[in-house]
Amino acid sequence: MSSKKIRISLDNKNIEVPVIEGTLGYKAIDTSTLNKEHLFSYDPGFTSTAACKSAITFVDGEKGELLYRGYPIEQLAEKCDFLDVAFLLFNGELPTFKEKELYSSTINGQSLLHDQLNNVFRGFRRDAHPMAVMVGVVGSMAAFYFDNMNINNKNHRKQSANKLLAKVPTIAAWSHTYNLGLPFVYPKHDLSYVANILNMMFSSPNKPYHVNPIITRAFERILILHADHEQNASTSTVRLVGSTGANPYACIASGIASLWGPAHGGANEATLKMLNEIKNESRINEYIKRAKDKNDDFRLMGFGHRVYRNRDPRAEIMKVTCHEVLDELGLNNEPLFKLANTLEKIALEDEYFIEKKLYPNVDFYSGIVMKALGIPNSMFTAIFALARTAGWIAHWHEMMTDSDNKIGRPRQIYTGRTQRDIP
Ligand code: CMC
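A quick note: this is a predicted structure, and the numbers were derived from the prediction, not measured. All residue numbers refer to positions counted from 1 along the written sequence of the respective chain. Local features are withheld for residues below a pLDDT of 70 in this predicted model, meaning they are given only at 70 or higher, and side-chain atom pairs are given and counted only at 80 or more; totals for whole chains, interfaces and linings count all residues. Hydrogens are left out, water is left out, and the side-chain values use all remaining heavy atoms of the structure.

(A) Spotlight on the overall build of the protein. Helix and strand definitions here come from DSSP, where helices need a minimum of 4 consecutive H or I residues and strands a minimum of 2 consecutive E residues; each element is numbered from the N-terminal end. Counting secondary structure elements, the protein contains 17 helices and six strands. A radius of gyration in this sense is built from C-alpha atoms; the matching globule rule multiplies 2.2 Å by the number of residues raised to 0.38. Compactness check: the protein gives a C-alpha radius of gyration of 23 Å against a globular reference of 22 Å for 423 residues, within 12% of the reference. Its C-alpha atoms put the protein at 80 × 60 × 55 Å along the principal axes. Classification of residues uses two cut-offs on accessible area relative to the type maximum, computed with a 1.4 Å probe and protein chains only: under 20% is buried, over 50% is exposed, and between them is partly exposed. A burial count over the protein gives 48% of its 423 residues as buried. Using a 1.4 Å probe, the Shrake-Rupley method yields the accessible areas, and only the shown protein chains count as cover for residues. Put simply, the protein shows about 21,700 Å² of open surface, and 51% of that area lies on carbon and sulfur atoms. Charged side chains of the protein number 49 positive and 46 negative; the gap between the two group centres comes to 4 Å. Counted charges follow a simple rule, with Lys and Arg positive, Asp and Glu negative, and His plus the chain ends left uncounted. By convention, the point assigned to a charge is CZ for Arg, NZ for Lys, CD for Glu and CG for Asp.

As structure tokens, then:
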């Protein structure tokens, strides 16, 4: 806490509010006591509001820097696997060799779903969107795993966090096989976390899935890059729901619902939809023109970011991975991938995008990589959700130990009718 203060002068009255400083990033004005002065702060979209203190992830939008617990995302993507990152986010440190062994076997050991949960799946239409299924099935976990659900008990919190990390991939993979009308493939003890997800999605009783290391590595990267991103919309949703004392499964289900929106996690799916709609390189300019037209709602999906204004470091890593995967699979000349390359080039050289600092974000490339891996568009956001589960549980756990934590309850500037009587 800094000793600096900001003075607000209003109606001949001076109000002093404290300034808060973290270890990195902007200073903040602590406006939490302004209501005592009959004043609110107004900030739609929370563009200038810090809703909490957090030691998990730091994003520097100007520099294009992303740190998980102090470690740059580039190093994590290069040297760690997804479970290292999940452990780091939750516990604050990378696991030792022994901790990693225990963590992997704990998570792997819990990856099976309660057998009755199969029936929950069967209540959905076969053509239901995987995200709709995930919101429902993850929310229903509270009806199956209600032992050890005391949110004020640290061990209980750890146990439910582990259950979520272990079971959400199975739920995501099954929401895909359910769509296809294929039998559920159970997680295997001898496969890694990431290989298990691919195996559950792509193998079937009459056709084993052969794990390709380049593909597994690319998929691992997608999960690492999407694991956390400080107080984004879905994480803020998890925190807001968690602040009411709701159970962890309800909190994560609400995060999944929030992530589904096309301005957030749905952007990777929306990018592919857009590419399929553009179809032909000759139509790119028409779409660029539409993206620039104020009277047209269309936006170039996979471009722009609320926080990153110069570069999205995740997008740069994903771009390299994207080219590795396209090379490995010999897909560089496939029309859709050629179209994506050309669109990226044209937008990056366009004055409008340069001036507004609109660069491809991580979802532009992750959508293309997932498409190349054979993952259907409808599963893109579900994959994002299973990766972000690592961040959500870490934030939920952190919030529960924060002495400043109280129920989230924003105020408003009322613009309706003043009091009147019914005639
Ligand atoms: N295409 C065309 N114009 C755009 C785009 C775009 N993708 N993104 C922003 N703009 C324009 C926007 O119209 C506005 O113009 P003006 O200043 O003339 O009004 C200006 O750029 C600033 O945009 P903004 O809407 O104020 O920016 P924001 O911070 O509110 O929105 C965003 C950020 C990500 C929602 C937005 O860039 C967008 O809709 N992008 C497309 C969807 C997308 O790719 N989302 C994934 C984000 S990354 C994944 C994640 O972290 O969740």
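Let us keep going from here.
(B) How the structure looks around the nonpolar core. By nonpolar core is meant a set of buried Ala, Val, Leu, Ile, Met, Phe, Trp, Tyr and Cys residues that side-chain atoms within 4.5 Å join together. Counting 118 residues, the largest nonpolar core has Leu165, Met201, Phe219, Leu223, Leu300, Ile375 and Ile383 as its most contacted members. The dominant element in this core, judged by the number of residues it contributes, is helix α17 (residues 380-400), at 14 residues.

(C) Region of the structure containing a nonpolar patch on the surface. Surface patches are drawn from residues lacking salt bridges whose relative accessible area is over 30%; two like charges belong together within 9 Å, two nonpolar side chains (Val, Leu, Ile, Met, Phe, Trp, Tyr) within 5 Å. By convention in these notes, a salt bridge is any Lys or Arg side-chain nitrogen within 4 Å of a carboxyl oxygen on Asp or Glu. A contiguous nonpolar surface patch, about 350 Å² in accessible area, is contributed by Phe40, Tyr42 and Ile413. Among the secondary structure elements, Tyr42 is positioned in the loop between β3 (28-29) and β4 (57-60).

(D) Structural view of the sheet that holds strand β2 (residues 13-20). For two strands to pair, DSSP has to find at least two bridges joining them. Taken in spatial order, the three strands line up as β1-β2-β3 in an open sheet, and their pairing is antiparallel. Two strands lie at the open edges of the sheet, namely β1 (5-10) and β3, each paired on one side alone. The pairing of β2 with β3 spans two bridges and is antiparallel. In the sheet register, Val19 faces β3, and the bridge partner there is Ile29.

(E) Representation of the packing of aromatic side chains within the structure. Centres within 6.5 Å make a pair out of two Phe, Tyr or Trp rings, where for Trp the six-membered ring is used; the pair is then stacked when the planes are under 30 degrees apart, edge-to-face when over 60, and tilted otherwise. Under the counting rule described, the total for this entry stands at 16 aromatic pairs. Residues Tyr145 and Tyr249 carry aromatic rings whose centres are separated by 6.4 Å and whose planes lie at 45° to one another, so their mutual orientation is tilted. A residue pair is termed long-range when its members are at least 10 positions apart, and Tyr145 in the loop between α5 (130-140) and α6 (154-180) and Tyr249 in helix α10 (residues 248-259) qualify at 104 residues. Ring-pair connections join several aromatic residues into one group, and the members of that group are Phe121, Trp174, Tyr178, Phe184 and Tyr186.

(F) Region of interest: α17. Between its terminal C-alpha atoms α17 stretches 30 Å, which fits the 30 Å expected from 21 residues at 1.5 Å a residue. In terms of burial, α17 is a largely internal element, 21 of the 21 residues being buried. Residue count minus one, scaled by 1.5 Å, sets the expected span of a helix.

(G) Representation of the site of the ligand within the structure. In the vicinity of the ligand lie 20 residues, with His264, Lys294, Arg299, Leu300 and Arg306 positioned nearest. N or O atoms within 3.5 Å of each other form a polar contact, as long as, within protein, one can give a hydrogen and the other can take it, and as long as residues adjacent in sequence are counted only when both atoms are side-chain atoms. Within the side chain of Arg299, one N or O atom sits 2.8 Å away from an oxygen atom of the ligand. Here Asn361 contributes a side-chain N or O atom positioned 2.9 Å from an oxygen atom of the ligand. Here the ligand has 940 Å² of accessible area as a free molecule, and 77% of this is covered by the chains. Gly is put with the polar residues, along with every residue not named as nonpolar or charged; the nonpolar set is Ala, Val, Leu, Ile, Met, Phe, Trp, Tyr, Cys and Pro, and the charged set is Asp, Glu, Lys and Arg. Taken together, the residues that form the shell around the ligand break down as eight nonpolar, five polar and seven charged. Residues are classed as near a molecule or strand on a simple rule: at least one heavy atom within 4 Å of it.

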